Amino acid sequence: MSDELAVECDVLVVGGGGAGMFAAVAAARNGAQVLLLDKNVVGRGGATIMAQMTCASALGESEPDNPQLHLEDTLSAGRGLCNENLAAILCEGSPERIRELAGWNVNWARSEDGKINQVKAPGHSRKRCVYVDFLSTGAAICAALRNKTSRDGKIRRLSNVTVTDLVLRDGEIAGAVGIDVPTSAPVKIKCPAVILCTGGMTKMFQRTTASNNLCGEGIGLALRAGARIIDIEFLQFYPNGHLAPRMVGLDPTTWEPTRVKLGGRLLNGKGEEFLHRYGEAEGGSYDTARDILTTAIYKEVEAGRGSPHGGVFLSFQHIDEQKLKDALGPVIEIFERNNINLTRQAVEIFPIAHYQMGGVEVDSDLCSTVPGLYAAGEIAGGANGANRLSGNALPEAMVFGERAGAKAAQYSARNTTSRWDDKLAQPHVDLIRQTAERNSGDGPSPGRLMAEVKALMWGKVGAFRNGADLETARTRLRTMRQGDLDALTIAPEPGFNTSLVEWFELRNGLLAAEALASAALTREESRGAHQRDDFPAADDRFLANQRMQLEGNDLVSEFRKVRA
Amino acid sequence: MTIAGQEHTAAVKTARLRIWRGTSRDNGRYQEYDVKFEDGDSVLDGLVRLRVDCDPSLAVRFSCFNANVCKECTMLIDGTVEYACIAKLQPRLMQLDPLPNLPIVRDLVTDTLSRKERF
């Protein structure tokens, strides 16, 4: 293993997706020297780059609109649990960020009169969602931010560096420790402020729409640093996730924009329309909220009316072939490469893990309960309550990223005396070295344990939950965290040791997964994305945020009434 | 509520992957693995399963997984530069090499990063 590496900065941004890159740009323009890390490649991983189309912003270009109306829709989707301050910051901040990105050469789709096109996405009362095209809006945003961050002299980008621990002194951020993946060298980062932009924990589920690197590490880091998390039980399942036949080269979220654009029909295994059984109008409604659509599909499959792979059919067979080709353009070739012919066959879809509503509890500066520790993007909890409104993830990444970057830069300017102490970092460095040397045991690999976690979360902590399954999952996850983890064997490779990286993913991710299962067990009601078969109705006693902290080795939670 | 299992019965086939293992072009060898797959599975699907089921020491780079977005899984497949996430497994011998003209980090991982993004 190589010698230790050491770096210093004013603001450390962990995670180079949409929120992280925006945070880096904002921190730099507020005077900070910024270090932007990604365990994969800055600007290439995370969830933003996978976003296909909708980005909500009350620009009022396609029809009269304002942030207050956007806020009302966001609060309504959140089923009573939104932090209204954070939701308001998101809605009010979105138009400025959209226009800023336009200035950085994001080519928002426009009508002939030059106005930005806006479409009405499910759950919105206005035509509000902007897009670049219907498949690569997130990729266009990431390309602009990659460009912006690479040209800024105050931002240093490091790819293939993963953060394994935050270093604290007297309960405040002093820096972080991580691994340089290509060499396995421990990395010490001295800094007064850290912004976690590590996304959600969708990797912990067998089927997911996001990149493979989002495993809840930021939640684990925050909890072990003493920070509080909030409403972590709420994980959105994306109703139209691709299920079968096998399709590669396209994100599994492909079908929602396609369905909305072309009017695809959802049919059960018998070829019948079924949404009307769940309170929707017959004939295919396209503005059904995500939680209701997910319920409808689950219930239909449970009733024995599923498709061969255990989902429902999405059919475009009623649409003229030429119209399909015109609408889908080059995408139809990707379908063809996968032997999918939409004029002759329906595809199968089923809800798929998509987005984590809960996360690190933050104030309106995006600061956690630990001084110097900020969180932005999907990992920040509160703005979306129990169910995120379609199109709110991209503005959340941009608005919160920008705000966290600015606030963290101001914080670091006020805290110029370093709290760093090598002695405080040493245990974290030692753990990296010791773990890398766990080569001789006969225990399974981290990858194998991760496969078990994914199956467990998918089977027992999915879109529909019950007490017995959640208890089983929580108990097993706790055993994994406190027992299995130490019995894993690491491959004896000096460099690019993915099993070493996976061990640390599990160390933090298992804590996040256990928090989710535990919080889901305690919330004995059904609300938004959290649906309990044994408590099928919303219960006013739980019109409250669940806050959780690590006390010793235990996750402890309490409910607090939602603040106005 | 439980989720219905995969009730379909697709034909399981086998690909033999001949993979470059090593830390430079002068220091390495080919290692062969049999990987079971169903029609439509990608080379990356096979590599991920191989790491979990058989050899966790194999180094592969990817993050987006089968969406062809992150571009990290670029490698030589039977001598042609391809994305492992969209190239399909075939029921035959397939040779996987790291990208040419770039330093090898290990196995199928090459140093594709910009110099200024590294220590």
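## Regarding the environment of N66(B)
Residue and element names in this part refer to chain B.
Inference 1: Along the polypeptide, N66 turns up in the loop between α1 (43-53) and β3 (74-77).
Inference 2: Judged by the 24 C-beta atoms lying within 10 Å of it, N66 is buried.
Inference 3: With 29 residues separating them along the chain, N66 and F37 place their C-alpha atoms 15 Å apart.

## Digging into the sheet that holds strand β8 (residues 172-180) of chain A
All names here are of chain A.
Inference 1: Pairing within the open sheet is mixed, and its 4 strands lie in the order β1-β9-β8-β7. Two strands in the sheet have a free side with no partner beyond their single neighbour: β1 (5-8) and β7 (161-169). Sheet twist, expressed as the average angle between the axes of neighbouring strands with direction ignored, equals 25 degrees.
Inference 2: Strand direction decides the pairing type here: β8 and strand β9 (residues 185-190), joined by 6 bridges, are antiparallel. Bridging from a neighbouring strand, A176 pairs with I189 of β9.
Inference 3: Most of the contacts of helix α11 (residues 422-436) go to β7, to which it runs at about 150 degrees, and overall it touches β7, β8 and β9.

## Points about helix α2 (residues 67-77) of chain A
Inference 1: Every buried residue of α2(A) is accounted for by P67(A), H70(A), D73(A), T74(A), L75(A) and A77(A).
Inference 2: The secondary structure elements touched by the buried residues of α2(A) are β4 (55-56) and α3 (84-103) of chain A.

## Re the packing of helix α5 (residues 217-224) of chain A against helix α14 (residues 498-522) of chain A
Between two packed helices, what matters for the description is the angle formed by their axes and the separation of those axes.
All names here are of chain A.
Inference 1: It is the contact of α5 with α14, at a shortest axis distance of 7 Å, that shows an interaxial angle of 85 degrees. One finds that α5 runs roughly perpendicular with respect to α14. Facing α5, whose interface residues are E217, I219, G220, L221 and L223, α14 presents E505, R507, N508, G509, L511, A512 and A515.
Inference 2: Residues that form the contact of α5 with α14 fall into these classes: 6 nonpolar, 3 polar and 3 charged.

## Things to note about the interface of chain B and chain A
Inference 1: Chain B puts 36 residues into the contact, and the matching count from chain A is 46 residues.
Inference 2: If you list the elements that add at least two residues to the side of chain B that touches chain A, you get α1 and β6 (104-106) of chain B.
Inference 3: The residue makeup of the side of chain B that touches chain A, split by class, is 18 nonpolar, 10 polar and 8 charged.

## Some remarks on helix α10 (residues 393-414) of chain A
Inference 1: Between its first and last C-alpha atoms α10(A) spans 31 Å; for 22 residues at 1.5 Å apiece the expected length is 32 Å, and the two agree.
Inference 2: Along α10(A), 19 of the 22 residues are buried, which leaves the element largely enclosed by surrounding structure.

## Notes on the sheet that holds strand β6 (residues 155-159) of chain A
Residues and elements named next belong to chain A.
Inference 1: Here we have 5 strands laid out as an open sheet, ordered β6-β3-β2-β10-β19, and parallel in their pairing. The strands lining the two open edges of the sheet, one partner per strand, are β6 and β19 (373-375). Pairwise comparison of adjacent strand axes, ignoring direction, gives a mean angle of 20 degrees for this sheet.
Inference 2: The sheet strands contacting helix α1 (residues 18-29) are β2 (11-14), β3 (34-38), β6 and β10 (193-196), and the helix crosses β3 at an angle near 170 degrees.

## Notes on the domain arrangement of chain A
When the parts come together, some accessible area is lost, and that loss is often what is quoted as the size of the interface.
All names here are of chain A.
Inference 1: Each assigned domain of chain A is listed here: domain 1 (1-238 + 351-553) and domain 2 (240-350).
Inference 2: Centre-to-centre separation of domain 1 and domain 2, based on C-alpha positions: 29 Å.
Inference 3: At the interface, 22 residues of domain 1 touch 19 residues of domain 2.
Inference 4: With 3 residues, the single largest contributor to the side of domain 1 that touches domain 2 is strand β12 (residues 235-238).
Inference 5: Its residues assigned to classes, the side of domain 1 that touches domain 2 shows 13 nonpolar, 8 polar and 1 charged.

## Concerning the environment of E396(A)
All names here are of chain A.
Inference 1: Within the secondary structure, E396 is located in helix α10.
Inference 2: The class for E396 is buried, based on 28 C-beta atoms found within 10 Å.
Inference 3: Other than its neighbours up to four places away in sequence, E396 contacts L90, G377 and A383.

## With respect to unusual backbone geometry
Working note: non-glycine residues mostly have negative phi, and peptide bonds are mostly trans.
Inference 1: Look at the link from A244(A) to P245(A): it is a cis peptide, with omega at -5 degrees.
Inference 2: One can find P245(A) in the loop between β13 (242-244) and α6 (255-262).
Inference 3: A positive phi is found at D170(A), a non-glycine position, where the angle reads about 50 degrees.
Inference 4: Judged by the 7 C-beta atoms lying within 10 Å of it, D170(A) is exposed.
Inference 5: Although it is not a glycine, D107(B) sits at a positive phi angle of roughly 50 degrees.
Inference 6: With respect to the secondary-structure elements, D107(B) resides in the loop between β6 and β7 (109-110).

## Focus: the nonpolar core
All names here are of chain A.
Inference 1: In terms of nonpolar packing, the biggest core is built from 213 residues, with V11, V13, V194, I195 and Y374 touching the most fellow members.
Inference 2: For this core, the leading source of residues is α14, giving 15 residues.
Inference 3: Taken domain by domain, the makeup of this core includes at least three residues from each of domain 1 (1-238 + 351-553) and domain 2 (240-350).

## Some points on the packing of α1(A) against helix α4 (residues 137-150) of chain A
All names here are of chain A.
Inference 1: Relative orientation of the contacting elements α1 and α4 amounts to 30 degrees, with a least axis distance of 10 Å. The way α1 lies across α4 gives a crossing that is left-handed. Of α4, the residues touching α1 (which contributes G18, M21, F22, A24 and V25) are I141, C142, L145, K148 and T149.
Inference 2: The residue inventory of the contact of α1 with α4, partitioned by class, reads 7 nonpolar, 2 polar and 1 charged.

Basis of the calculations
Residues numbered from 1 in each chain as written. Chains lettered and ligands numbered in written order. Predicted model: local features only at pLDDT ≥ 70, side-chain atom pairs only at ≥ 80, totals over all residues. Helix = DSSP H or I, 4+ residues; strand = E, 2+ residues; numbered from the N terminus. Buried ≥ 20, exposed ≤ 12 C-beta atoms within 10 Å, placed from the backbone. Pairing = 2+ DSSP bridges. Axes fitted to C-alpha atoms, helices over the stretch in contact; angles between N-to-C directions. Contact = placed C-beta atoms within 7 Å. Parallel < 35°, antiparallel > 145°, perpendicular 65-115°, else oblique. Nonpolar A, V, L, I, M, F, W, Y, C, P; charged D, E, K, R; others polar. Expected span 1.5 Å × (residues − 1). Domains from an automatic or database assignment. Core = buried A, V, L, I, M, F, W, Y, C linked by C-beta atoms within 7 Å. Left-handed = near helix turned anticlockwise from the far one by under 90°.

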